[in-house]
Amino acid sequence: MIRWLRPPTAERQLLPETRLSGPMPWMLAIMMVMTILAGAATLAIGNAVVRIGGDLERRVTIQLIEPNPDRLEAQRAALIVYLGAESAILHHEEVGAAELRQLLAPWLGADVLGDDLPVPVMVDAELRPGARLDVIAARIKRVAPAARIDNNAAGLAPVADLLGTIRVIALMVMVMMLAAIMTAIVLAVRGTLNTHRSTIDVMHLMGATDAQLARHFQRRAALDALFGGLIGLAVATLIIALLGQRVAAMESELTGAASLGLSDVALLTMMPLAAAMVAALVARVTVIRTLRKML
Amino acid sequence: MAAIYASDHQAASIAVSNMVIRFLELWIMALRHGPCCAIAKIMSGIVQFENVGLRYGTGAETLSDISFTLRQGGFYFLTGPSGAGKTSLLRLLYLAQRPSRGMIRMFDQDIVTMPRDILPGLRRKIGVVFQDFRLLPHLSAFDNVALPLRIAGVREREIQAPVQEMLNWVGLGERGAARPATLSGGEQQRVAIARAVIARPEVLVADEPTGNVDPDMAARLLYLFDALNRLGTTIIVATHDLHLLSRITSAEMIRIDNGRILDPTGTLRNPPGARTYRPQ
């Protein structure tokens, strides 16, 4: 691989050792930043969609709304006992009174929330994978008739739909950027072929094969794409790290779901290499197709 | 000249081995297909043109009804006035162009219908001296001369000595590192000639190879061609230089005018008033 990218000097010198064109690697770097960001968005949003569809779908919030404090306490106790005994419930956690008051304070005002105002009981629970929510809900209703069960996924369905759409758009942006990179390489290779037409003619007449000539161009295209790709990866990594910090600062479960795993990071890191390989292939095909028009 | 190929002994060995190989080929052919076939092979040429016509675009034919045979090991001068079609004929000979009509056979292969993938292999058997030299400006004189060997995949350590020797022979031993732009016209021409002969081609095509050099260097270069010819290379030289024509007594002449070969029979003949050329 290294020998292919860095052949002996004499072989490298057969064609002038200039880049495909001056600003080409930098243009590829800018395109690679956009491509890697679009790729990162696709992967992160994909992860979020999976989490909403998986973890959050199995989460329910049970509210007990009962004005009579005695009945409320009785149903709360029965509910906690039931949830502890139900095998379909993975775990449950009652939201504490202080936390509830904190949640309600912005809506009702801290002064209004005295001891005499009835505050509902709220319990978060997570179902085991495969558990049927309708069956569990019926059982809860039997032990706590005042219970109201909210499936978190139902509330987040529009958000999941939106994320799905954004993910498709990010994917399309990535594909378009890759197409733009390939087009730029084709144009650069054609320009270089025209610039060195007389040299190529002479080499052709001395018996150089299409593959021999194509090798020079594909090597240069690969090096330019690799250089641009690495610069692009570095810049994109900075941007992603900055975004990651901001998202972490929000401490939101929803935005936290849109994160990148190790495999995602590895995939994004491979993009410059993939771009170099695609560039080499595109350059080879372009050169050979152009040379085929010559004798 | 033999020094170009390392030593006199080596040059002689090459010549003898070529003759032996050719004899063996003919002997095997005679055994397989009969003596008539072997005789036909001897009589047939390395290059055959039959009713060849060449037209650029939709214009009139640049070359018309060109028919001739060049035998292996022959020395040929191609003469004619400017615009007669010499360069077009040479372009056909060094496989830069296919004809519009007619048949061309080179190295026993039909060039007209041959797939282009096979052409590079044949082109490596042909050395070309272009009229405008066509040296690669980004390469040194040394690298220009080494180009055919590098294209042919010769290992770098086997390139240095013969290329340096060839540069010495054309009087540019000290100028190997110079770029073509820094060389005079005559020096560029000598580099172009060195490049054309370095791989010891089977056919050498030269377009006005002595146009920019002094008479002494012209004689020296002609001696190089003659020596190559003695080693079995078929030489075709397009020239206006009458002195050049008279220096190779064994050479035959193709005269072309207005895109046609002038000899009524379409055959070749010795140049008139030939004098024996004696190398200095």
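In this section: the pairing of strand β4 (residues 101-106) of chain B. As paired elements, strand β1 (residues 47-55) of chain B and β4 of chain B share five bridges and run antiparallel to each other. Paired with Val47 of chain B across the bridge in β4 of chain B is Met106 of chain B.

So, on to the sheet that holds strand β6 (residues 126-129) of chain B. All names here are of chain B. In spatial order, the strands read β6-β7-β8-β3-β9-β10; together these six strands make up an open sheet with mixed pairing. In this open sheet, the two strands that pair with only one neighbour each are β6 and β10 (260-261). Here β6 pairs with strand β7 (residues 203-207) via four bridges, running parallel. Its bridge partner being in β7, Gly127 is matched across the sheet by Leu204. Docked against the sheet, helix α7 (residues 185-197) engages β6 and β7, running at close to 175 degrees with respect to β6.

Turning our eyes to something else, we now look at the interface of chain B and chain A. With 22 residues of chain B at the contact, the number on the chain A side is 22 residues. In this assembly, chain B packs against chain A so that about 2,000 Å² is buried in total across both faces, 63% of it on carbon and sulfur atoms. It is Arg116, Arg123 and Ile151 of chain B in chain B that bury the most area against chain A; as a group they hold 34% of the surface buried on that side. For the pair chain B and chain A, the interface holds one salt bridge. Notably, a salt bridge pairs Arg116 of chain B with Asp210 of chain A, separated by 2.6 Å at the nearest N-O pair. Counting every contact that joins chain B to chain A gives six residue pairs in polar contact (both at pLDDT 80 or more). Of all the secondary structure elements, the ones that give two or more residues to the side of chain B that touches chain A are α4 (119-123) and α5 (141-151) of chain B. Considering every element that reaches the side of chain B that touches chain A, the biggest residue donor is α5 of chain B, with five residues. Grouping the amino acids of the side of chain B that touches chain A by side-chain chemistry returns eleven nonpolar, two polar and nine charged.

Reading predicted coordinates in detail is not appropriate for stretches of low pLDDT. All names here are of chain B. Looking at chain B as a whole, its pLDDT mean stands at 81, while 79% of the residues score no less than 70. For the stretch residues 1-8, pLDDT sits under 50, and the model shows 24 contacts to residues farther than four places along the chain or on other chains. Throughout residues 271-280 the model reports pLDDT below 50, and contacts reaching past four residues in sequence, or to other chains, amount to 21 contacts. Overall fold confidence (pTM) sits at 0.69, and the ipTM for the predicted complex is 0.77.

The next subject is the pattern of salt bridges. Tallying each qualifying case throughout the model produces 18 salt bridges over all chains. The partner of Arg71 of chain A in a salt bridge is Glu66 of chain A, and the shortest N-O contact between them spans 3.4 Å. A relative accessible area of 47% means that Arg71 of chain A is categorised as partly exposed. In this structure Glu66 of chain A comes out as buried when scored by relative accessible area, which is 14%. One network of salt bridges, with partners in common, ties together Glu61, Asp65, Arg101 and Arg260 of chain B.

Conventions we followed
- Residues numbered from 1 in each chain as written.
- Chains lettered and ligands numbered in written order.
- Predicted model: local features only at pLDDT ≥ 70, side-chain atom pairs only at ≥ 80, totals over all residues.
- Heavy atoms only, no water.
- Pairing = 2+ DSSP bridges.
- Helix = DSSP H or I, 4+ residues; strand = E, 2+ residues; numbered from the N terminus.
- Contact = heavy atoms within 4.5 Å.
- Axes fitted to C-alpha atoms, helices over the stretch in contact; angles between N-to-C directions.
- Buried area = accessible area lost by both parts, 1.4 Å probe.
- Salt bridge = Lys/Arg side-chain N within 4 Å of Asp/Glu carboxyl O.
- Polar contact = N/O pair within 3.5 Å; in protein donor to acceptor, adjacent residues only side chain to side chain.
- Nonpolar A, V, L, I, M, F, W, Y, C, P; charged D, E, K, R; others polar.
- pLDDT = per-residue confidence, 0-100.
- Buried < 20%, exposed > 50% of the residue type's maximum accessible area, 1.4 Å probe, protein only.

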